Amino acid sequence: MSVRPFGSSPRTVLIPSAGTGSRLGSFTAEVNKGQMSVGDKPVISYVIEKFKPTDKIVICVGYKGDLLKQVIKACYPDWNIQFVEVDKFSGEGSGPGYSIIKARDLIKEPFYFFCNDGIIDDDISKIPTTSNTILGYPCDTVSNPEAYRNLKVVDGKVVEVLPKGDPTPHAYPYIGIAYVKDWEDFFAAYDKNPELFTNAGEAVGLNNLKNSDFYLCPSWCDTGNIKDLEAAKKKFSKDGRAILEKPDEAIWFFDDKVVKFHIDPRFISDRVARWNNVQNRSNDNFILPKLISHSENVYTYEYVDGKVMSEVNDLPTFKKLVRSYLEGVVVSKLSEKESREGYKSFYVKKTLERIQQYLVKFEDKDEHCEINGMKCRPAADIINEINWDDYSKDAIWTKNFHGDFQMENIINIDGEKFALIDFRQNFGKTGDIGDVYYDIGKLWHSFYINDHMIKDGHFSVECVGENKYELDIHRSLVYTEYENILIHILKEQDVNIELAELIMCVVILSFAALHTSPYSKFAFYTGKYLLNRWYQKRG
């Protein structure tokens, strides 16, 4: 069977991505399902990258469409991508076929049809194009075939795309991918029955084709429901790179750039505005990647080739990192009143809000309990009792603070320089002036909780009785050494160890609300345990 030589002329692909992705629940509460992170990229990237920049890529956008457009433009700025605005993506009059028919005027030639959430390893140049071709999955490998449309295949031909739940035996699950050579017949199905086409989508158009070959695609990976999405995330997770997901932000990696997304435009604008301040560190050992572009919810910067510090097991390199950071601090002056207010706003008010946010989100209580055999008081009570005014007198304020100075955000280049990524956009009430102790606390917390430990499941938290908890985490020997080195250098530099350790506890408590269970629960009880340990050590 002949195939069309890839690259012989521009191809056309239609990618509907207007729906709400309701089957994915909270994953799509803030973003379009095409933005779901799988491995290092948005899931829609696995579709787009099956083609070339010169191919004609038509994407239908509706639900959270502006965010998706920003992401795609940032990832593929020079590609021939055209967007179709879909006004009805939920409720009356909407449907998968409505998105398709909105793109009809842009498609006047044979085209590929790809759903936005399916991943295949197959080279599409191998898919036959001498006739219509519909792709299916091996019929005996799906445990819930009723959840999919299935293909009735006879002698290598697709006889019918069946409705979901059809009991026809030995049918092949349809994977949402096809090559439509007879494009006029495909769209003519809408003219015959607009309501059916709108509600049932491309299946109606495919059933109107007179001759369709079947192509078996065992490499297909579905991401259209929570179970399959989580399986895909695990399958495509990159070795050595651990990114803990948050519902309101994402970071994606490409060959020559990194793309950062956030649901809050202020987050992006403030971070872009701070770029020069972080760049202007006085220490030559630190560099900042070049900012490439930015929009309301996305910015991109140059990819830095190196190793994140969480992968570096080298004590001299870590010593150099800590010493270079402390030596590079350019102190900024704040009045005692500004310093007090900054501490109360950032460390007290914000931490208490985050604790409450965690308790509401996960229906938990901050009360007297026992953790690993140690009697612990409510974390909020301790935060309220601490004399933050006194600690604020030791604050070290600087404009070149990082704000998220943890091991995953520091890239070691050839064992010499350090590239800083994903820095904080502001320090709350004090704006672009931040506290060095926060950076130290962020670095310190990496030795108790970090992305690699969490991603690899090297932690546990368990309720073993009424208000009794046991928690544990498995950290490497080198992290124990790193912690000892950090403490030694801080003492050597006359840094307030007591304050630095306190901020480390606050850091862990604060981000418990930002993640998902069971990690969030582990972070909360680890932070509570360490805070109580710190408090009890003070007598």
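To start, this report covers the structure provided alongside it. From a predicted model like this one, the values you see are computed outputs, not experimental measurements. (Residues numbered from 1 in each chain as written. Predicted model: local features only at pLDDT ≥ 70, side-chain atom pairs only at ≥ 80, totals over all residues. Heavy atoms only, no water.)

### Topic: the overall build of the protein chain
- When its secondary structure is counted, the protein chain shows 17 helices and 27 strands.
- If one aligns the C-alpha atoms of the protein chain with their principal axes, the spans along those axes are about 80 × 55 × 40 Å.
- Relative to its full complement of 539 residues, the protein chain shows a buried share of 56%.
- Taking the contacts inside the protein chain whose residues are at least 6 apart along the sequence as the reference set, 76% of them involve residues at least 24 apart.
- Just so you have it, the protein chain exposes about 23400 Å², and 47% of that area is on carbon and sulfur atoms.
- Here the protein chain contributes 67 positively and 79 negatively charged side chains, and the mean placements of these two sets differ by 2 Å. (Helix = DSSP H or I, 4+ residues; strand = E, 2+ residues; numbered from the N terminus. Buried < 20%, exposed > 50% of the residue type's maximum accessible area, 1.4 Å probe, protein only. Contact = heavy atoms within 4.5 Å. Areas by Shrake-Rupley, 256 points an atom, 1.4 Å probe, with all protein chains shown as cover. Lys, Arg positive; Asp, Glu negative; His and termini not counted. Charge placed at Lys NZ, Arg CZ, Asp CG, Glu CD.)

### Thoughts on the sheet that holds strand β21 (residues 374-376)
- Across the sheet, four strands lie side by side as β21-β20-β27-β26; this open sheet has mixed pairing. With one partner strand each, in any of the chains shown, β21 and β26 (459-465) form the two edges of the open sheet. If you compare each strand with its neighbour and ignore which way they point, the axes differ by 30° on average.
- Where β26 and strand β27 (residues 468-473) come together, six bridges link them in antiparallel fashion. Bridge pairing links G465 to K468 in β27.
- Strands β20 (369-371), β21, β26 and β27 of the sheet are contacted by helix α17 (residues 519-537), whose axis makes an angle of about 95° with β21. (Pairing = 2+ DSSP bridges. Axes fitted to C-alpha atoms, helices over the stretch in contact; angles between N-to-C directions.)

### Description of α17
- An ideal rise of 1.5 Å per residue puts 27 Å on 19 residues; α17 measures up with 27 Å between its terminal C-alpha atoms.
- Most of α17 sits out of view: 14 of its 19 residues are buried.
- Once α17 finishes, G539 follows within two positions and takes phi at roughly 80°, a positive value. (Expected span 1.5 Å × (residues − 1).)

### A look at helix α2 (residues 65-75)
- Across the eleven residues that make up α2, a large majority, nine, are buried.
- Listing the buried residues of α2 in full gives G65, L67, L68, K69, Q70, V71, I72, A74 and C75.

### Description of the nonpolar core
- Grouped together as the largest cluster of nonpolar side chains are 84 residues, with contacts concentrated most on F318, W388 and I449.
- Among the elements that take part in this core, helix α16 (residues 497-510) stands out by supplying eleven residues, more than any other.
- When neighbours within four sequence positions are excluded, W388 is seen to be in contact with Y343, Y347, V348, I383, L502, I503 and V506.
- Membership of the second largest hydrophobic core comes to 49 residues, among which are Y46, F51, Y137 and I175. (Core = buried A, V, L, I, M, F, W, Y, C linked by side-chain atoms within 4.5 Å.)

### Examining the pattern of salt bridges
- Inspection of every chain in the model, using the stated rule, returns 26 salt bridges.
- With its nearest N and O atoms 2.6 Å apart, the salt bridge here joins D422 to R271. Here D422, found in the loop between β24 (417-420) and β25 (434-435), pairs with R271, found in helix α8 (residues 265-279); they are 151 residues apart in sequence, far enough to count as distant. Each member of the pair, D422 as well as R271, carries the same accessibility label: buried.
- For E416, the salt bridge is made with K320, and the minimal N-O distance between the two is 3.2 Å. Of the two residues, E416 is situated in the loop between β23 (410-413) and β24 and K320 in helix α9 (residues 315-327); the sequence distance between them amounts to 96 residues.
- Several salt bridges share partner residues, and in doing so they unite E249, K260, R271 and D422 into one network. (Salt bridge = Lys/Arg side-chain N within 4 Å of Asp/Glu carboxyl O.)

### A look at the state of the cysteines
- For the structure on display, the rule yields zero disulfides.
- C221 supplies the cysteine sulfur nearest to C217, a cysteine that is in no disulfide, at a spacing of 11 Å. (Disulfide = S-S within 2.5 Å.)

### Quick word on the side chain of D364
- Mapped onto the secondary structure, D364 falls in the loop between α10 (336-362) and β20.
- In terms of polar contacts, D364 uses its side chain to reach the side chain of Y358, at 2.8 Å.
- Setting aside anything within four residues of it in sequence, one finds D364 in contact with Y358, L359 and Y525. (Polar contact = N/O pair within 3.5 Å; in protein donor to acceptor, adjacent residues only side chain to side chain.)

### Some points on the packing of aromatic side chains
- Counting across every chain of the model gives 48 aromatic pairs.
- Taking 6.3 Å as the distance between ring centres and 50° as the angle between the ring planes, the aromatic pair formed by Y391 and W534 counts as tilted. Remark: W534 occurs in helix α17 and Y391 occurs in helix α12 (residues 388-392); sequence separation between them is 143 residues.
- Relative to Y479, the ring of F447 has its centre 5.7 Å away and its plane inclined at 70°; by these criteria the two rings are edge-to-face. One end of the pair, F447, is in the loop between α13 (436-445) and α14 (451-455); the other, Y479, is in helix α15 (residues 477-492), and 32 residues separate them in sequence.
- Grouped by ring-pair contacts, the aromatic residues Y343, F346, Y347, W388, Y391, W397, F401, F427, Y438 and W534 constitute a single cluster.
- Positioned above the aromatic ring of Y448, the side-chain terminus of R475 is 5.0 Å from the ring centre. (Phe/Tyr/Trp six-rings, centres within 6.5 Å; stacked < 30°, edge-to-face > 60°. Lys NZ or Arg CZ within 6 Å of the ring centre and 35° of its normal.)

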